[in-house]
Amino acid sequence: MYAAITLLVFMCLTASTYADHHHPCHAPNMTGFMSLRSMKGDVKAYGAFTYDSMAKKLRFRSNESYPTNTSLGLDLLMFFDEGVFYEIDSKNQSCEKKTLQCTQHPLDIPDDATFMGTVNVGSPSIEGEGIKTNVWTGSMPDMKGHYSMSVTMGCLPVCTMYFHESSAFIISITEVESEIKDPDLLVVPSCCLAQPLEETPEGTVNSFLNEFM
């Protein structure tokens, strides 16, 4: 079923020829909004994000006014290079510090990704009615799945489809600005500074993606 969904998505796009000489680009600093939906259409999360591309830090805070059942109050601060992340509860001034077993996320193309081609979303012949994107794919051994990521020519992420052994979902990125508007969002809150690193239960793979699965 997931293969059929992927085929349907790409049939809606105008693809160019495959090229294997491309190298993954890396996104700039960004502020924007992120939404996650299952392939069945269920909204899993929606909220604002801040991303530092050099320091590999990401803050995601779900929008509590948005009608979802799974991400209310979700506040994540991810330090990908350090391999740790924080689940923050600002209302109760508390948090949990955990180890990251998988550092993949939808805002940057992995270095081992494979370039599949360039596609035009919408119409390339009508001004203002199309966008050209590059499509990258790869596997996620830690999560027993694979992904397909679309980015603009300037390496801004548009959407990423993830296919897991038991689920599939799509993450869309909107209202992107290539700057960090509030650097303090990427600083560990005072309530988290003294938190010890929690032990990871055997068989658990902590990752940004698994927070929504």
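Below, the structure is looked at part by part.

1. Here we look at the state of the cysteines
Where two cysteines share a covalent bond between their sulfur atoms, that bond is called a disulfide. Scanning the model with the defined rule gives 2 disulfides in all. Note on cysteine connectivity: Cys25 is disulfide-linked to Cys155, with sulfurs 2.0 Å apart. Handedness of the Cys25-Cys155 disulfide follows from its S-S torsion of about 90°: it is right-handed. Of this pair, Cys25 sits in the loop between strand S1 (14-15) and strand S2 (30-38) while Cys155 is found in the loop between strand S10 (145-152) and strand S11 (157-164), placing the two residues 130 residues apart along the sequence. By relative accessible area, Cys25 is classed as partly exposed at 26%. With relative accessibility at 5%, the residue Cys155 sits in the buried group. Note on cysteine connectivity: Cys95 is disulfide-linked to Cys192, with sulfurs 2.2 Å apart. Linking Cys95 in strand S7 (residues 94-99) with Cys192 in the segment after strand S12 (168-177), this pair joins segments that are 97 residues apart in sequence. Accessibility assignment for this pair places Cys95 and Cys192 in one class, buried. Counting only the cysteines that take part in disulfides, in the order they occur along the protein, gives the pairing 1-3, 2-4. Between Cys191, a cysteine without a disulfide, and Cys192, which holds the nearest cysteine sulfur, the sulfur-to-sulfur distance is 3.9 Å.

2. Considering the pairing of strand S6 (residues 84-89)
Both strand S5 (residues 75-79) and S6 contribute to a ladder of 4 bridges, which runs antiparallel. Paired with Met78 across the two strands is Phe85, which belongs to S6. Turn length for the S5-S6 hairpin, with the two strands adjacent in sequence and antiparallel, is 4 residues, and the turn residue Gly83 shows positive phi of about 75°. Counting the residues in the hairpin turn of S6 and S7 gives 4 residues, including Gln93, whose phi is positive at 50°.

3. Some words on the pairing of S7
The side chains of a regular strand alternate between the sheet's two faces. Two strands pair when backbone bridges link them, and S6 and S7 are joined in this way by 6 bridges, in the antiparallel orientation. Its bridge partner lying in S7, Ile88 is registered against Cys95.

4. With respect to unusual backbone geometry
Phi is positive for Lys56, which is not a glycine, with a value near 60°. Inspection of the secondary structure puts Lys56 in the loop between strand S3 (43-52) and strand S4 (57-62). The phi angle at Gln93 is positive, at roughly 50°, despite the residue not being glycine.

5. With respect to the nonpolar core
Grouped together as the largest cluster of nonpolar side chains are 32 residues, with contacts concentrated most on Phe49 and Phe208. When residues no more than four places from it in sequence are discounted, the contact partners of Phe208 are Met34, Leu58, Phe60, Leu76, Met78, Leu100, Gln104, His105 and Pro106. Leu77, Ile88, Val188 and Cys191 belong to the second largest nonpolar core, which has 10 residues in total.

6. Brief notes about the pattern of salt bridges
For the structure on display, the rule yields 5 salt bridges. For Asp75, the salt bridge goes to Arg59, with nearest N and O atoms at 2.6 Å. Of this pair, Asp75 sits in strand S5 while Arg59 sits in strand S4, placing them 16 residues apart in sequence. The same class applies to Asp75 as to Arg59, namely buried. A salt bridge links Lys98 to Glu87; the nearest nitrogen and oxygen atoms lie 3.3 Å apart. Taken as a pair, Lys98 in strand S7 and Glu87 in strand S6 lie far apart in primary sequence, 11 residues in all.

The rules we used
- Residues numbered from 1 in each chain as written.
- Predicted model: local features only at pLDDT ≥ 70, side-chain atom pairs only at ≥ 80, totals over all residues.
- Heavy atoms only, no water.
- Disulfide = S-S within 2.5 Å.
- Helix = DSSP H or I, 4+ residues; strand = E, 2+ residues; numbered from the N terminus.
- Buried < 20%, exposed > 50% of the residue type's maximum accessible area, 1.4 Å probe, protein only.
- Pairing = 2+ DSSP bridges.
- Core = buried A, V, L, I, M, F, W, Y, C linked by side-chain atoms within 4.5 Å.
- Contact = heavy atoms within 4.5 Å.
- Salt bridge = Lys/Arg side-chain N within 4 Å of Asp/Glu carboxyl O.

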